[in-house]
Structures are given as C-alpha cells and as structure tokens.
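Results of the structural survey
Residue strings, one per chain:
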Amino acid sequence: MPDQTETSPKLNVSSTEIKSPSYDLKKFKLKRILNNNSKAKSITLLGTFPDLSETDTAIVVFEKNAYRESDVATEAKVPAEKEKEEQKPTYFSSDLKVRTDFINNIYGSFQCVPNPELCAVKSTVIYPATDKHVEKYSICQKYLINETPDLYATITLPYITSSQFSLDWVYNILEHKQEKERIVFEDNDPETGFILLPDLKWDGRNVENLYLLGIVRNRGIKSLRDLNASHLPMLRHLREAAKQAILERYGLNPHQLRMYFHYQPSFYHLHVHINPIRNDAPGIWCEKSHMLDTVINNLELVSDYYARASLPFVLYEGNKLLELYDKQLSVRKAVVKKEEADKEQEELEKKEDEPAEAFSDEEPEEARQCKRIKLSTPEKQDESEKDLVAPACA
C-alpha cells in the first residue's frame, strides 16, 4: 500500500498562517465589468492597483456566500448562565433590519439587512492577470468545437504547449510550498497519489456547496487526452480514496458526490472536480464535463479511448485557440452568413417602404404607361400572365 497521510487542518486559519498579499484590495481601481451573473450572485471586475502599477491588470470576483443552516437558526431562550457566552449571529435576531416592499393578501416582500457578520462577500483576486485570464472571466460569444484526434495533434496540442498558464502554483501545492494548511487528504505515491483540497470557488464554510479539487501527483498527464488503461489504478484509487476522505471529513454520502474532469481544462495538469450533485457548480454542462466513472469505464472498454475519440469543447470569442480553429474549420462562417441575411432582409424592408415611383410630365407616355401597369400588377404573378399584360419597358 502506498504511504498515505491525512490531515485535518482548520479551514479558517489564522492570519499568521496566511501570507499577506502584495496589493491592498481597498485600493482597487475599476476599468470595466467583465461579467455580472445575477443567477450566481457574482460580479467579475477588471482593473488595476494603481499604487503598485498602472499597467498590470487585476481581476476581482465578488460573490455572495451560500447560506448555512446555522445562519437561520432560531434558538430557544438562552439560559441566564450562558447569556454572557458568545452567541453565533443569526438572521432572526434583534440585529435584523426589515423594510417592507409590499403586502398582498398572504404574500409579503421585504428587504432585510442582517447582522454585519452575515453580510460578508467572498472575493477572489488574480493579480497580475494575463490576457487568458481576462478571456476566461469575460462574457462573449461561445463556439462548440468537435475536436478529432488529428485536430488535437495539429492545432490544440501545439497551442497548449506554447501558451498555457504557468503550473508553478500546482507544483507549489504538490511540494507543500503553498496551501499546505488547506490540504484535506493526500497520498504521496508518485504514480497513483493525489492531493485533495478546496477549490477557490468554495468559501470553505458551507458543505452544501462544497467544491474540492483532486490534483494527481503524476506530472506527465495534461488532460483526458493523455489517459490510457495504464492509468486505471490511479483513477480507481482517486475515486475511492476521495470519497472516503470526504465522508470522514464532511459527512457527505459518497453516492451524493459528482466527480468529473473538464475538457478543455482551465490548467493542463490532470485534476478532478468534486462537488455534491445538489449543487449546480460551474462547468457541469455536458459539453464541458466528463464523469470520472464514465472515464474509467471507457478506458476499461478501449485502452486508448481518449487518444482515439472525438471530444467536444467550448471556445470563447477572443480566445487565440478559436482563431486557429476558425482558420481551419471556419467556425464563425454561419454567424457571418446570418449577419449577411439580416442585412439583405433589412434592405428589402427598406425598399418595400419606399414610396411608389412618381409620374413626370416630361416622361414619354410609354414610360408612364409602364409605371401604371407595375403599380396595378400583383408582385406574385404567374409568369405567363406577366407576358400577357406587361408591354416591353425600355
């Protein structure tokens, strides 16, 4: 058995255990909004920290924290001997400020401001941010690419080899240089081992929206494309060990967990995403995620399945990889045709709205007679009828 260690650190570590950032978030200067997601209750901002640099860009994400059951607790009257003890703030307390919007029969709408401790907003900062980060966090047109093995070898692989994100932060985790205190579970075996830790998308507080990453120790696997039957022991061990660790640490039923890979991934070092199936986590749609169970099954059936399969993935407008695929496959062509069709339709509508041709006394009678016939003849007229009623108009 490989040497395994499990740690149980506190998620909310003290400030002495966290390195201070080089920037002061209060000095952020907004340039523009990249994304405002009302469904996810999050907003993504692009700007700078001018006190540090006028040119280095920063991405700041603000998102509302998910509710915890303790936030809405309604405790019974506290015994006198416990009144002096620190009580957890809840929504239903004397701190709650309520403003009524309207009351209609049995329905009421209110604006509520709870205890300030319950109003915290989670923030993620990327600084300095690259163009690829800006692309990733911006709203733009999306295109579905059906990547064949040949397209992967000739377009995708050369691109990701030359322009992918730095993996230094991943290696810092694997080597315990950074985020050691956040590790939930780890296995040190160089071939089948992995580290399990919270994703940045999770606030580390509410198990309802738990989001963990399982980062494998094998540095030779970039993505699904590199997997084959020789990796089955690693994948099976990752699946079982992660489920057991999550059950022991968070009490979540293994049958309520979603475990999947992204393709294309956001960084090219194999990692699995894990969250509860009741949580609509980012990137779970069918053209993005590949269930771990399905990946294992496919490799059991065909040893080099992912080297031979066509894999769909989404590219965003502004992505340089999209430019490469557009040259090869003209993926934007349908959009251009639609724009041209819309333009033609607009011109046709303008023409229909134009007033009828006016008569002029200077025109010969033959030309005026021709106009009379055009005005009196229906547009959709049988060709044989046109020949009968329309004289030659020079």
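See the structure above.
The following refers to the structure shown. (Residues numbered from 1 in each chain as written. Predicted model: local features only at pLDDT ≥ 70, side-chain atom pairs only at ≥ 80, totals over all residues. Heavy atoms only, no water.)

1. Examining the overall build of the protein
Rules: A run of DSSP states H or I qualifies as a helix once it reaches four residues; a run of E qualifies as a strand once it reaches two. Both are numbered from the N-terminal end. Accessibility here uses a 1.4 Å probe with only protein chains present; expressed as a share of the type maximum, an area under 20% marks a residue as buried, one over 50% as exposed, and anything in between as partly exposed. Contacts are assigned to residue pairs with any non-hydrogen atoms lying within 4.5 Å of each other. Accessible surface is estimated by sampling points in the Shrake-Rupley manner with a 1.4 Å probe; for residues, cover comes only from the protein chains shown.
Of the regular secondary structure elements, the protein holds 10 helices and 15 strands. Burial status across the protein gives 35% buried among its 394 residues. The contacts of the protein with a sequence gap of at least 6 include a subset with a gap of at least 24, amounting to 61%. Carbon together with sulfur atoms contributes 51% to the accessible area of the protein, which is approximately 25100 Å² in total.

2. What to know about the nonpolar core
Which entries qualify depends on this criterion: What makes a nonpolar core is a set of buried Ala, Val, Leu, Ile, Met, Phe, Trp, Tyr and Cys residues whose side-chain atoms join them at distances within 4.5 Å.
Counting residues in each nonpolar core, the largest one holds 61 residues, and the members touching the most others are Leu196, Leu212, Leu227, Leu235 and Ile274. It is helix α4 (residues 232–250) that provides the largest number of residues to this core, a total of nine residues. Other than its neighbours up to four places away in sequence, Ile274 contacts Leu196, Leu210, Tyr211, Leu212, Ala242, Ile246, Leu257, Arg258 and Met259.

3. Observations concerning the packing of α4 against helix α5 (residues 292–301)
Heads up, the rule is: Fitting a line to C-alpha atoms yields each axis, with helices limited to the stretch in contact; the angle taken between N-to-C directions then spans 0 to 180 degrees. Note that the term roughly parallel is reserved for angles under 35 degrees, roughly antiparallel for angles over 145, roughly perpendicular for angles of 65 to 115, and oblique for everything else. In this scheme the crossing of two helices becomes right-handed for a clockwise turn of the near helix relative to the far one and left-handed for an anticlockwise turn of less than a right angle. Residues were grouped as follows: Ala, Val, Leu, Ile, Met, Phe, Trp, Tyr, Cys and Pro as nonpolar; Asp, Glu, Lys and Arg as charged; and all remaining residues, including Gly, as polar.
Two elements in contact, α4 and α5, have axes separated by 10 Å at closest approach and are oriented at 155°. In terms of orientation, α4 and α5 fall into the roughly antiparallel class. Seen from above, α4 lies across α5 with left-handed handedness. Residues Leu232, Leu235, Arg236 and Arg239 of α4 form the contact with α5, whose participating residues are Leu292, Asp293, Val295, Ile296, Leu299 and Glu300. In terms of residue class, the contact of α4 with α5 is made up of six nonpolar, no polar and four charged.

4. Details of empty space enclosed by the protein
Note the following rule: Here a cavity means grid points, on a 1 Å grid over the protein atoms only, where a 1.4 Å probe fits yet cannot get out; a pocket means an open set of points with protein on both sides within 12 Å along at least five of seven lines; lining residues are those with an atom within 4 Å of a point. Grid points are joined across faces, edges and corners, and a volume is the space filled by probe spheres set on the points.
A complete count under the given rule lists one cavity of 30 Å³ or more for this structure. In this structure, the largest cavity spans a volume of roughly 50 Å³. Every residue along the wall of the largest cavity is listed here: Lys222, Ser223, Leu224, Phe261, His262, Pro265, His269, Leu270 and His271. When the residues that make up the lining of the largest cavity are grouped by side-chain class, the tally is four nonpolar, four polar and one charged.

5. Observations concerning the pattern of salt bridges
Formally: Any carboxyl oxygen of Asp or Glu within 4 Å of a side-chain nitrogen of Lys or Arg constitutes a salt bridge here.
Taken as a whole, this structure holds 18 salt bridges when the rule is applied. Between Lys122 and Glu63 there is a salt bridge, with the nearest N and O atoms lying 3.9 Å from each other. On the criterion of sequence distance, the pair formed by Lys122 in strand β7 (residues 121–126) and Glu63 in strand β4 (residues 57–64) is long-range, its members being 59 residues apart. The same class applies to Lys122 and to Glu63, which are both buried. The closest approach of N and O atoms between Arg332 and Asp326, which form a salt bridge, is 2.8 Å. Taking relative accessible area as the criterion, Arg332 reaches 16% and is therefore assigned buried. Through salt bridges with shared partners, one network takes in Glu317, Glu323, Asp326 and Arg332.

6. Side note on helix α2 (residues 149–163)
Quick note on the threshold: Expected helix span is computed as 1.5 Å times (number of residues minus one). For a residue, the bend is simply the angle between two axes, fitted respectively to the seven-residue segment ending there and the seven-residue segment starting there.
In this model α2 runs 20 Å from its N-terminal to its C-terminal C-alpha over 15 residues, within 8% of the 21 Å that 1.5 Å per residue would give. Taken as a whole, α2 carries its principal kink of about 40° at Thr156; the proline Pro158 stands between one and four residues after it. Where α2 is concerned, the buried positions are Leu151, Tyr152, Ile155, Thr156, Tyr159 and Ile160.

7. Observations concerning α4
Each α-helix winds once per 3.6 residues, and so residues spaced three or four apart point in a common direction. Taking 1.5 Å of rise per residue, the 19 residues of α4 would be expected to cover 27 Å, and the 27 Å separating its terminal C-alpha atoms lies within 8% of that figure. Among all positions of α4, only Leu232, Met234, Leu235, His237, Leu238, Arg239, Ala241, Ala242, Lys243, Ala245, Ile246 and Tyr250 are buried.

Function-wise, these values are silent; they only describe arrangement.
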